[in-house]
Amino acid sequence: MNFKLSDEQKRIVALVDELGKKEFAAKAAHWDQNQEYPWENVHKLRECDILGMTIPVEYGGQGRPLIDAILAIETAAKYCGVTARIIVETNMGALGCIMAYGTDVQRNRVTQRILKEGDKPAIAMTEPEAGTALTDLQTSAVKKGAKYIINGTKHWITGGGISVTNLVFARFFEDNRELGIGGILVDKGTPGFSFGRVEQAMGLRGIPETELIFKDCEVPQENVVVMGDGNEGFKKLMYGYNGQRVGASAVALGIAQGAHDLAIDYMKKRKAFGRAISEFQGLQWMMAESEIKLNAARLMIYRAACNARDLPNNVKLPYWDEASMAKAYTGHAALEVTSESLQMFGAYGYSQDLPLERMLRDVRMFQIGGGTTQAQLNMVARSIFKRTFDLRK
Ligand SMILES: Cc1cc2nc3c(=O)[nH]c(=O)nc-3n(C[C@H](O)[C@H](O)[C@H](O)COP(=O)(O)OP(=O)(O)OC[C@H]3O[C@@H](n4cnc5c(N)ncnc54)[C@H](O)[C@@H]3O)c2cc1C
């Protein structure tokens, strides 16, 4: 077992760190306050081969392992959580499902859009009446000749309205018979596909969270990524999604690490009772606890990324129990660490003049999006008791 980064990994971290310091940090508040998508960061990441860095060489990418992308995500998140999320979604999320289960044509199309246009594929699962209980989803894909007709509404879809590629989870029907839940691609601009409400989110406001509306939206059958097939289609999609959980955890870790680093610097300078506040043992212990949490989270995330298992088409994605453990722990720990870091700044930390309050708003998301902490705990419990829980019984 080797916990050391290779020289190449150190280079990636140094590159993203420099971008973070020079470019991402300065405008992170701007994207948040103006709810603007950071296209200029997308282009920088693309020029530096960070966007879609795990895309295999045969699709024009660099074929880097998942752990390299995790390092880039964690580093970017120290400066701008929104930018880090874009790295996640150009390496994991919908891309994981498409690379593992899609056709060669689909894989080519989605990877070229990422590498050439900076597209961030969206994954559309959640509906107003189906969140954690995703198998309650009602969006339908009904076969009609060589096409599928899609009807339904998704909400809280990250990048909705920006993403050209949208992987939509739907209930498949053929000859009036339900086949199960599968996934189908719907490109932005397809007739019958429109965007509704944009959420006024608490944090991570530089990426829109949008309602996607499908009204008799026709897509060719070639767009099916995973066919509804009893429970099998849904299981495949969920395996394909495990990379996203680990990537999201790395964003939370990076935000918390960024806040922690700022607090350490500040504590050495800020004086109270005639000495630096870093000299108070009560505060040192708070920071020591934070340091331990950050390291524990990092180990879980790196393990999940490095243990990635083989899915079809040489795609390597984490095991679901390791991914869920990393996400459940990091979501909680990162929130605590960020909050303790803000505390070190006193009133200054509570002001919009400093990034701490934004980081705290941003990091809160990771106990909800990508599957709630409770949903992750259910997965961990499943692995302890070695059985599949049917939560409906
Ligand atoms: C910023 C953001 C971005 C998002 N991006 C996307 C996206 O890109 N694509 C997408 O499809 N979705 C996205 N989502 C939606 C997200 O995945 C859901 O919000 C999440 O899965 C929870 O669903 P829900 O909000 O309907 O909560 P509910 O499922 O209604 O849950 C409510 C509460 O009950 C708890 N709960 C539910 N069932 C159980 C159970 N069996 N045991 C214990 N507790 C339980 C939950 O943990 C939660 O605390 C995003 C959400 C946010 C906030």
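These numbers come from a predicted model, not from an experiment.

1. Points about the pairing of strand β4 (residues 166-174)
Every other side chain in a regular strand lies on the same face of the sheet, so the side chains alternate between the two faces.
Right, so step 1: Of all 9 residues making up β4, 7 are buried, and the element is well covered by its neighbours.
Right, so step 2: Pairing analysis gives 3 bridges linking strand β1 (residues 122-124) to β4, with the strands arranged parallel. Paired with A124 across the two strands is V168, which belongs to β4.
Right, so step 3: Taken together, the 3 bridges between strand β2 (residues 140-144) and β4 define a ladder with parallel strand orientation. Paired with A141 across the two strands is F172, which belongs to β4.

2. Examining the domain arrangement of the protein
Right, so step 1: Parsing the protein into structural domains produces domain 1 (7-120), domain 2 (123-227) and domain 3 (236-385).
Right, so step 2: Contact residues are listed per partner, giving 25 residues for domain 1 and 31 residues for domain 3.
Right, so step 3: Among the elements of the structure, α1 (7-34), α3 (66-77), α4 (81-89) and α5 (94-101) are those that each provide at least two residues to the side of domain 1 that touches domain 3.
Right, so step 4: By residue number, the principal contributor to the side of domain 1 that touches domain 3 is α3, which donates 8 residues.
Right, so step 5: Looking at the side of domain 1 that touches domain 3 residue by residue, the classes come out as 16 nonpolar, 5 polar and 4 charged.

3. A short note on the nonpolar core
Right, so step 1: By size, the foremost hydrophobic cluster in this structure holds 112 residues, and its most contacted members are I70, I73, I87, I184, I301 and A334.
Right, so step 2: Look past the residues within four positions of I70 in its chain and what remains in contact with it is V246, G247, A250, I301, Y302 and A305.

4. With respect to the site of the ligand
Right, so step 1: Surveying the vicinity of the ligand reveals 22 residues, the closest of which are M125, G131, T132, T372 and Q374.
Right, so step 2: Listing elements by their share of the shell around the ligand, those giving two or more residues are β1, β3 (147-158) and α12 (373-385).
Right, so step 3: Here the shell around the ligand is built from residues that sort into 11 nonpolar, 10 polar and 1 charged.
Right, so step 4: Counting only domains with at least three residues in the shell around the ligand, you end up with domain 2 (123-227) and domain 3 (236-385).

5. Things to note about the packing of α3 against helix α9 (residues 281-306)
Two numbers describe a pair of packed helices, the interaxial angle and the distance between the axes.
Right, so step 1: The contact between α3 and α9 brings their axes to 8 Å, and the two run at 150°. With respect to α9, the element α3 is oriented roughly antiparallel. The two elements α3 and α9 cross, and the hand of that crossing is right-handed. Contact residues: L66, I67 and I70 in α3; I301, Y302, A305 and C306 in α9.
Right, so step 2: Residue composition of the contact of α3 with α9, grouped by class: 7 nonpolar, no polar and no charged.

6. Some words on the pairing of strand β7 (residues 209-220)
Right, so step 1: In terms of strand pairing, β3 meets β7 through 9 bridges, oriented antiparallel. When the bridges of β7 are listed, Y148 appears paired with V219.
Right, so step 2: In this sheet, β7 lies alongside strand β6 (residues 193-198) in antiparallel orientation, the contact comprising 4 bridges. Residue pairing in the sheet places F195 in a bridge with L212 of β7.

7. Here's the deal with unusual backbone geometry
Right, so step 1: A positive phi angle, near 50°, is found at D175, a position not held by glycine.
Right, so step 2: Residue position: D175 is located in the loop between β4 and β5 (177-185).

8. Focus on helix α2 (residues 39-47)
Right, so step 1: Turning to α2, its buried residues are N41, V42 and L45. Seen along its axis, α2 keeps its buried residues to an arc of 105°; they face one direction. Exposed and oriented more than 90 degrees from the buried face of α2 are W39, H43 and E47.
Right, so step 2: On the buried face of α2, the contacting elements are α1 and α4.
Right, so step 3: Immediately downstream of α2, the backbone of D49 shows phi near 60°, a positive value.

9. A few points about the environment of I292
Right, so step 1: Looking at the secondary structure, you find I292 in helix α9.
Right, so step 2: Taking the C-beta count within 10 Å as the criterion, I292 has 12 such neighbours and is therefore assigned exposed.
Right, so step 3: Separated by 15 residues in sequence, I292 and N307 have C-alpha atoms that sit 22 Å apart.

10. Focus on the environment of D321
Right, so step 1: Looking at the element boundaries, D321 is found in helix α10 (residues 320-344).
Right, so step 2: Along the chain, D321 and K22 lie 299 residues apart, while their C-alpha atoms are 37 Å from each other.

11. Observations concerning the packing of α4 against helix α8 (residues 242-269)
Right, so step 1: Following both chains from N to C, one finds α4 and α8 inclined at 160°, their axes separated by 9 Å at the closest point. The angle between the axes of α4 and α8 places the two elements in the roughly antiparallel class. α8 is crossed by α4, and the crossing has right-handed handedness. Where α4 abuts α8, its residues G81, A84, R85 and V88 lie against Q244, G247, A248, V251, G254 and I255.
Right, so step 2: Partitioned by chemical class, the residues of the contact of α4 with α8 number 5 nonpolar, 4 polar and 1 charged.

12. Examining the environment of E89
Right, so step 1: Checked against the element boundaries, E89 lands in helix α4.
Right, so step 2: Put simply, E89 and L377 are 288 residues apart on the chain and 23 Å apart in space, counted from C-alpha to C-alpha.
Right, so step 3: The residues contacting E89, other than those within four sequence positions of it, are K120, P121, T158 and G159.

13. Observations regarding α1
Right, so step 1: Helix length check: α1 (28 residues) gives 38 Å between terminal C-alpha atoms against 40 Å at 1.5 Å per residue, within 8%.
Right, so step 2: Where α1 bends most, the angle comes to about 50°, and this point is F24.
Right, so step 3: Three or more residues of α1 are buried, namely I12, V16, L19, G20, F24, A28, W31 and D32.
Right, so step 4: In this fold, the buried residues of α1 make contact with α2, α3, α4 and α11 (356-363).

Quick notes on the rules
- All residue numbers refer to positions counted from 1 along the written sequence of the respective chain.
- Two thresholds apply to this predicted model, a pLDDT of at least 70 for residue-level local features and 80 or more for giving and counting side-chain atom pairs, whereas whole-chain, interface and lining totals are computed over all residues.
- As a rule, residues whose C-beta atom has 12 or fewer other C-beta atoms within 10 Å are exposed, those with 20 or more are buried, and those in between are partly exposed; C-beta atoms are placed from the backbone.
- Where helices and strands are cited, they refer to DSSP runs of H or I of at least four residues and of E of at least two residues respectively, numbered from the N terminus.
- A pair of strands is labelled paired if DSSP reports no fewer than 2 bridges between them.
- Boundaries between domains were set according to an automatic or database domain assignment.
- Placing a C-beta atom from the backbone of each residue, one calls two residues in contact when those atoms lie within 7 Å.
- Classes in brief: Ala, Val, Leu, Ile, Met, Phe, Trp, Tyr, Cys and Pro nonpolar; Asp, Glu, Lys and Arg charged; the others, Gly included, polar.
- Here a nonpolar core is just a set of buried residues of the types Ala, Val, Leu, Ile, Met, Phe, Trp, Tyr and Cys, joined wherever their C-beta atoms sit within 7 Å.
- A molecule or strand has a residue near it when that residue's C-beta atom, placed from backbone coordinates, lies within 6 Å of it.
- Orientation is described by lines fitted to C-alpha atoms, with helices fitted over the stretch in contact, and by angles between N-to-C directions that extend from 0 to 180 degrees.
- Should an angle fall under 35 degrees it is taken as roughly parallel, and over 145 as roughly antiparallel, whereas 65 to 115 is taken as roughly perpendicular and any remaining angle as oblique.
- Each crossing gets its handedness from the near helix: less than a right angle anticlockwise from the far helix is left-handed, clockwise is right-handed.
- Arc definition: it is the arc formed by the directions from the helix axis to the C-beta atoms.
- A helix is expected to span 1.5 Å multiplied by its residue count minus one.
- Take the seven residues that end at a residue and the seven that start at it, fit an axis to each, and the angle between those axes is the bend at that residue.

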